[in-house]
Amino acid sequence: MAKSSAIKDAEALLRSLRSAYTATPTNLKIIDVYILFSLFTGVIQVVYMAIVGSFPFNSFLSGVLSCIGTAVLAVCLRIQVNKENKEFKDLPPERAYADFILSNLVLHLVIMNFLG
Amino acid sequence: MAASSDTVTPSSLRLAFGNVFSLFILILIGVLAFSIRIFSVIKYESVIHEFDPYFNYRVTQFLTKNGIYDFWNWFDDRTWYPLGRVIGGTVYPGLTLTAGTLWWILNSLNIPLSVETVCVFTAPTFSAFAAWATYLLTKEVKGAGAGLTAAALLAMVPSYISRSVAGSYDNEAVAIFALVFTFYLYIKTLNTGSLFYATLNALSYFYMVCSWGGYTFIINLIPMHALLCIVTGRYSSRLYIAYAPLVILGTLLAALVPVVGFNAVMTSEHFASFLVFLILNVVGLVYYIKGMLTPKMFKVAVTLVVSAGLIVCCAMVAVLVALVASSPTKGWSGRSLSLLDPTYASKYIPIIASVSEHQPPTWPSYFMDINVLAFLVPAGIIACFLPLTDASSFVILYLVTSVYFSGVMVRLMLVLAPAACIMSGIALSSAFGVFTRSIKFASIGKQADAGDNSDGVTQNDVVKPDRNEEHPKEKASRKKKKEKENVEKAPIATKKSEKRLLMLPMEASVVAILLLMLLGAFYVVHCVWAAAEAYSAPSIVLTSQSHDGLHVFDDFREAYAWLSHNTDVDDKVASWWDYGYQTTAMANRTVIVDNNTWNNTHIATVGTAMSSPEKAAWEIFNSLDVKYVLVVFGGLVGYPSDDINKFLWMVRIGGGVFPHIKEPDYLRDGQYRIDSMATPTMLNSLMYKLSYYRFVETDGKGYDRVRRTEIGKKHFKLTHFEEVFTTHHWMVRLYKLKPPKNRIRGKTKKSKSKSTSTSSKRSATQKKNPWQ
């Protein structure tokens, strides 16, 4: 009894999640795909590390942190360009993208330096 | 700027005037911060101070001479003989790189300053920067008025002056600026939610990591604040932008600094930030989903996710705890542990405990170092709670943690100083705000503005210039606020009644303002006194005031100069580790141990030698290839921090590694004494002999002016050492190891039969001594 209601709840939840998500604008969806992709790359690296070992530790670290960093920066960008977000009403999207590019530049310069 | 618009002319004109005025004040504060710190140059000379700065100076010299790449790969063979030390990988490079860059810029501008001059003036320059950074930080928290007050307070807070007078060329000099600036950028990001500032924040954190080991304070404080925000339900997407990029970028950048390296992800000091990063991501996701769903569906989702998520969380935490617990020190370094558990160092690491600046402070030192700020801080905390914003909660958290740390170690009083200045700045500024407002409204309401201005001017004439300037400034900030309120078109009536509530009787507020100014004046007087008298002594040149004028003791430099002129370049000099940096930097001779203290055994070897009898000591020193032994002796002139006073630490540290050195042997009934009641072990130790050799010839009695007693053993000869140089005031004494005697058969036999006890002791030493 309890189990079936839980499943029903989960189904309803998924449905409403999907319907809510379809309403998001396309550019946000693209960013979401980008975030998921970079997270997925990070997971692959972690799995690889678990199998093969983390010998050039700086390479592993820079690889994984580059993925997480990219994802985090993209999340920040998504927060900023999201029109529903009231906190960033007066922030033009151009500024948000410029900031995003700058921080990515810094991030990847550091990573290139650290990759060794 | 003011002429551009005519609709809002009066207020914007006032605003522009306020901005220019505050810029002017900031420049003056910078000048003040710089000039209050050059007492040491005026009273003494332009010289590097103390111990660590000499090492930094030497590194800077190397950097400017050989360039950055050689600097990273520098293996220093002139210290820790015969081990040597990898300088590039074990030093926080921020300070030296800063000074090196400054020197390089100045030289490429054809301003031919010497490296030493640049080093001497780095600290005052950066204290001006720190004052500006404090202004920015406090402005983000409580407005420009509080910012200017805090900056003025920081410019002359004695605690910070003690670490940043001209010549005090140490990491803290630039680190405090970096610390405050990083906090400012964090708050700025938190207030604006701009990714640009988040990037800058990470870069400034990088500079802090380069500069000082205290960066762990930042990487623990900011997560604490983020956690606090989450727990108290103040999560916002701005918090995410301020925190998440900082952790990722900051960790990567910290790992770039060789001395930190993989520690940035391997030690417990940094784990808090990762944990909070995870929590923040989860919380961010939850808030996002909450925004998407209807409240009812969200409740369903929560019940589903919580039951599943709890299990995963428990597993994760268990793994993490197991990982941390598996390492012997629980992943914490000794220095951090001694912060968390104040008794840790005295129990396990005598070398940390032996440094006087690692001791807990006494109450008077709080009054000495932050003076009236100690009383203003509570008021500042209250002011921060009305209203409590993200920024002000951060400042409160900063204050509370730094108060704790300053209670553990005297040295960390320095971290408290900016927090205390910010709090006091806020307190003073809001107090002035209340009082001046009540004066303004008590006089006729219509003439408020004019009356206010003239009021401010007449009152301010009395006191010091810096106080003078803050005052109108904070009015400007209030005006800004008022203008904002106008824009919001808040009903004026309620505003007025609100202000009426905060009103005090006119007389009371005038008296209160005068009292506050008196307090400020007292603070200024104290700071100037501290800067001029207490904290400006370079400690390599000493002065003493006596009835027949000023005496200057320049013995240290005399001795180092003697060494550099009269000994061979490759000779090794043994001394207690305090003088290692100075010997390498000033005399350019190889030393056995220095202030870096990275190898406890090596230091213990020197400590053992100093506390052994002459022959055993000679053997230890000879095995280390030592040619000269340097001791610092203050008995003649009454210089209290000499080697005899440090001797018990040598015994303790030596005994910690070589158990045949026992502390009780050197104490008579638990008392440390060097007079006729002293133990024979004490009187026969090398340190005693080298310090008091020929001492009786000075006054015929051998009266030690530090210990205020006559020494125990007055007439003795040295068998294995010979005195080569003693400085003018006997403060530094240099001895040379006698060459080993030829082995004449009868003589060796004789000495063997004579001192069986010493030879047995020697064999014990030989076993213990790792260099044989």
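Conventions we followed
- Residues numbered from 1 in each chain as written.
- Chains lettered and ligands numbered in written order.
- Predicted model: local features only at pLDDT ≥ 70, side-chain atom pairs only at ≥ 80, totals over all residues.
- Heavy atoms only, no water.
- Pairing = 2+ DSSP bridges.
- Helix = DSSP H or I, 4+ residues; strand = E, 2+ residues; numbered from the N terminus.
- Contact = heavy atoms within 4.5 Å.
- Buried area = accessible area lost by both parts, 1.4 Å probe.
- Salt bridge = Lys/Arg side-chain N within 4 Å of Asp/Glu carboxyl O.
- Polar contact = N/O pair within 3.5 Å; in protein donor to acceptor, adjacent residues only side chain to side chain.
- Nonpolar A, V, L, I, M, F, W, Y, C, P; charged D, E, K, R; others polar.
- UniProt positions renumbered as here; feature names shortened; annotations may be inferred.
- Buried < 20%, exposed > 50% of the residue type's maximum accessible area, 1.4 Å probe, protein only.
- Phe/Tyr/Trp six-rings, centres within 6.5 Å; stacked < 30°, edge-to-face > 60°.
- Lys NZ or Arg CZ within 6 Å of the ring centre and 35° of its normal.
- Patch = residues over 30% accessible without salt bridge, like charges linked within 9 Å, V, L, I, M, F, W, Y side chains within 5 Å.
- Areas by Shrake-Rupley, 256 points an atom, 1.4 Å probe, with all protein chains shown as cover.
- Expected span 1.5 Å × (residues − 1).

A. The arrangement of the pairing of strand β3 (residues 542–546) of chain B in detail. All names here are of chain B. Bridge count between β3 and strand β4 (residues 549–553): 5 bridges; the pairing is antiparallel. Within β4, the position partnered with S544 by the bridge is H551. The loop that links β3 with its antiparallel partner β4 comprises 2 residues.

B. Examining the interface of chain B and chain A more closely. Taken residue by residue, the interface counts 33 residues in chain B and 37 residues in chain A. Carbon and sulfur atoms make up 82% of the area that chain B and chain A hide from each other, which totals about 3,000 Å². At the junction of chain B with chain A, the criterion picks out 0 salt bridges. On the surface where chain B and chain A come into contact, there are 5 residue pairs in polar contact (both at pLDDT 80 or more). Every element with two or more residues in the side of chain B that touches chain A is listed here: α11 (195–211), α13 (237–256), α14 (263–266), α15 (271–292) and α16 (295–326) of chain B. Top contributing element to the side of chain B that touches chain A by residue count: α13(B), with 13 residues. Its residues assigned to classes, the side of chain B that touches chain A comprises 25 nonpolar, 7 polar and 1 charged.

C. Spatial organisation of the UniProt feature "transmembrane region" (unreviewed entry) in chain A. Residues and elements named next belong to chain A. In the numbering used here, UniProt assigns the feature "transmembrane region" (unreviewed entry) to residues 33–51, 57–77 and 97–115. Secondary structure across residues 33–51 comprises 100% helix and 0% strand; the distance between its end C-alpha atoms is 27 Å. Taken end to end, residues 97–115 comprises 100% helix and 0% strand; its first and last C-alpha atoms sit 26 Å apart.

D. The side chain of B:S402, seen in detail. All names here are of chain B. Counting through the fold element by element, S402 comes out in helix α22 (residues 390–408). In this structure S402 comes out as buried when scored by relative accessible area, which is 0%. There is a polar contact of 2.9 Å between the side chain of S402 and the backbone oxygen of Y398. Beyond its immediate sequence surroundings of up to four residues, S402 is in contact with F217, V415, L416 and A419.

E. Spatial organisation of the packing of aromatic side chains. Residues and elements named next belong to chain B. This model, assessed by the stated rule, comprises 43 aromatic pairs over all chains. In textbook terms, an aromatic cluster arises when at least three aromatic residues are bridged by ring pairs, as seen for F633, Y688, Y692, Y693, F695, F716, W730 and Y735. If you follow R37 out to its NZ or CZ, it ends over the ring of Y160, 4.8 Å from the centre. The ring centre of Y287 lies 5.7 Å from the NZ or CZ of K290, which sits over that ring.

F. Summary view of the sheet that holds strand β10 (residues 721–726) of chain B. Residues and elements named next belong to chain B. The sheet built from 5 strands is open, its strands ordered β6-β5-β7-β11-β10 with mixed pairing. Two strands lie at the open edges of the sheet, namely β6 (590–591) and β10, each paired on one side alone. Note that strand β7 (residues 628–632) and strand β11 (residues 732–737) share 5 bridges and pair antiparallel. The residue of β11 that forms the bridge with V632 is V732.

G. Spatial organisation of a nonpolar patch on the surface. Residues and elements named next belong to chain B. On the surface, L278, V302, V306, L310, I311, V312 and M316 cluster together into a nonpolar patch covering about 640 Å² of accessible area. Of all the elements, α16 adds the most residues to the nonpolar patch, at 6 residues. Locating L278 in the fold gives a position in helix α15. A relative accessible area of 43% means that L278 is categorised as partly exposed.

H. How the structure looks around α22(B). Counted at 1.5 Å a residue, the expected span for α22(B) with its 19 residues is 27 Å, and the 28 Å between its end C-alpha atoms agrees. Of all 19 residues that make up α22(B), 15 are buried, and the element is covered over most of its length.

I. Examining the pattern of salt bridges more closely. Residues and elements named next belong to chain B. What the rule picks out here adds up to 24 salt bridges over all chains. Between E614 and K689 there is a salt bridge, with the nearest N and O atoms lying 3.3 Å from each other. Of this pair, E614 sits in helix α31 (residues 614–623) while K689 is found in helix α34 (residues 686–692), placing the two residues 75 residues apart along the sequence. Each member of the pair, E614 together with K689, is buried. A salt bridge links R733 to E723; its shortest N-O distance comes to 2.9 Å. Within this pair, whereas R733 is found in strand β11, its partner E723 is found in strand β10, the two being separated by 10 residues in sequence. Residue R733 is classed as buried on the basis of its relative accessible area, which comes to 0%.

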